[in-house]
Amino acid sequence: MSKVTWKPGTFINPVPAVMVSCGTMEKSNIVTVAWTGTINSDPAMCYISLRPTRYSYNLIRESGEFVINLTNEELARATDWCGCRSGEKYDKFKEMNLSKEKATIVNCPMIKESPASIECKVKEIKELGSHHMFIAEVLAINVKDKFIDEKGAFDIQKCNLISYANGGYYAQGEKIGRFGFSVKKKL
Ligand SMILES: Cc1cc2nc3c(=O)[nH]c(=O)nc-3n(C[C@H](O)[C@H](O)[C@H](O)COP(=O)(O)O)c2cc1C
């Protein structure tokens, strides 16, 4: 048994599939994004990469703001739909029966049904090739209170977050360890 070498491509799996809301409360849109992630801890920074042909691209480029809404099993259909249809033709909030919620700092709406909505401000745009990378600072994190446990922490197991791998959507599996478990001394 050995490894087969393939030509370069996008192969980091799994990744999140988030719903990015953008624009304003009046003129808003949602775009599904898999090319997203954390890139710095302090200050908290993240990125999304978009093709310039996306309707959302100019909305984000012009306003310099967006909200990353994490997705769960309940939102899987809407996540896929918002990634297959363009805001140029559809009001995605309306079509997917999603509610707009005012963000605390940015002017874009948050998606009320999402378990967590992360308000972001664009700091830099890197024109990489097919996609342009919006590097952003996290301004605020808004978590649905039903997913906050008695200790005030985010209860990740309760909210059924989904991931995206090789074209498929996946539910979270069983927890198999905790940060540092490999080096923890046995009592
Ligand atoms: C699971 C999934 C992940 C996606 N990830 C990205 C991405 O990272 N960047 C991107 O530009 N488009 C991505 N797309 C495609 C856009 O979401 C899609 O073209 C969408 O219709 C664009 O919407 P808009 O024209 O309203 O902005 C993804 C689609 C799906 C279904």
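So, how was this worked out
- Residues numbered from 1 in each chain as written.
- Predicted model: local features only at pLDDT ≥ 70, side-chain atom pairs only at ≥ 80, totals over all residues.
- Heavy atoms only, no water.
- Phe/Tyr/Trp six-rings, centres within 6.5 Å; stacked < 30°, edge-to-face > 60°.
- Buried < 20%, exposed > 50% of the residue type's maximum accessible area, 1.4 Å probe, protein only.
- Helix = DSSP H or I, 4+ residues; strand = E, 2+ residues; numbered from the N terminus.
- Lys NZ or Arg CZ within 6 Å of the ring centre and 35° of its normal.
- Near = heavy atom within 4 Å.
- Polar contact = N/O pair within 3.5 Å; in protein donor to acceptor, adjacent residues only side chain to side chain.
- Areas by Shrake-Rupley, 256 points an atom, 1.4 Å probe, with all protein chains shown as cover.
- Nonpolar A, V, L, I, M, F, W, Y, C, P; charged D, E, K, R; others polar.

(A) Looking closely at the packing of aromatic side chains. A full pass over the atoms with the stated rule returns 4 aromatic pairs. Between Trp6 and Phe11, the aromatic rings sit 5.9 Å apart at their centres with planes inclined by 90°, giving edge-to-face as the arrangement. The residues Trp6 and Phe11 share a single accessibility class, namely exposed. With a centroid separation of 5.5 Å and an interplanar angle of 70°, the aromatic rings of Tyr57 and Phe134 are classed as edge-to-face. Of this pair, Tyr57 sits in helix α1 (residues 55–63) while Phe134 sits in strand β10 (residues 132–143); the two residues are 77 residues apart in sequence, bridging distant segments of the chain. For the pair Tyr57 and Phe134, a shared accessibility class is recorded, and that class is buried. Looking at Lys100, its charged tip hangs above the ring of Phe93, at a distance of 5.4 Å from the centre.

(B) Local environment of the site of the ligand. In the neighbourhood of the ligand, 22 residues make up the surrounding shell, with Asn29, Thr32, Ser56, Ser86 and Gly87 lying closest. In this structure, an oxygen atom belonging to the ligand sits 2.8 Å away from a side-chain N or O atom of Asn29. Here an oxygen atom of the ligand sits 2.9 Å away from a polar atom, N or O, in the side chain of Lys92. For the ligand, whose unbound accessible area comes to 650 Å², protein coverage reaches 90%. A per-element tally of the shell around the ligand places strand β3 (residues 28–33) first, with 4 residues. In terms of residue class, the shell around the ligand is built from 10 nonpolar, 8 polar and 4 charged.

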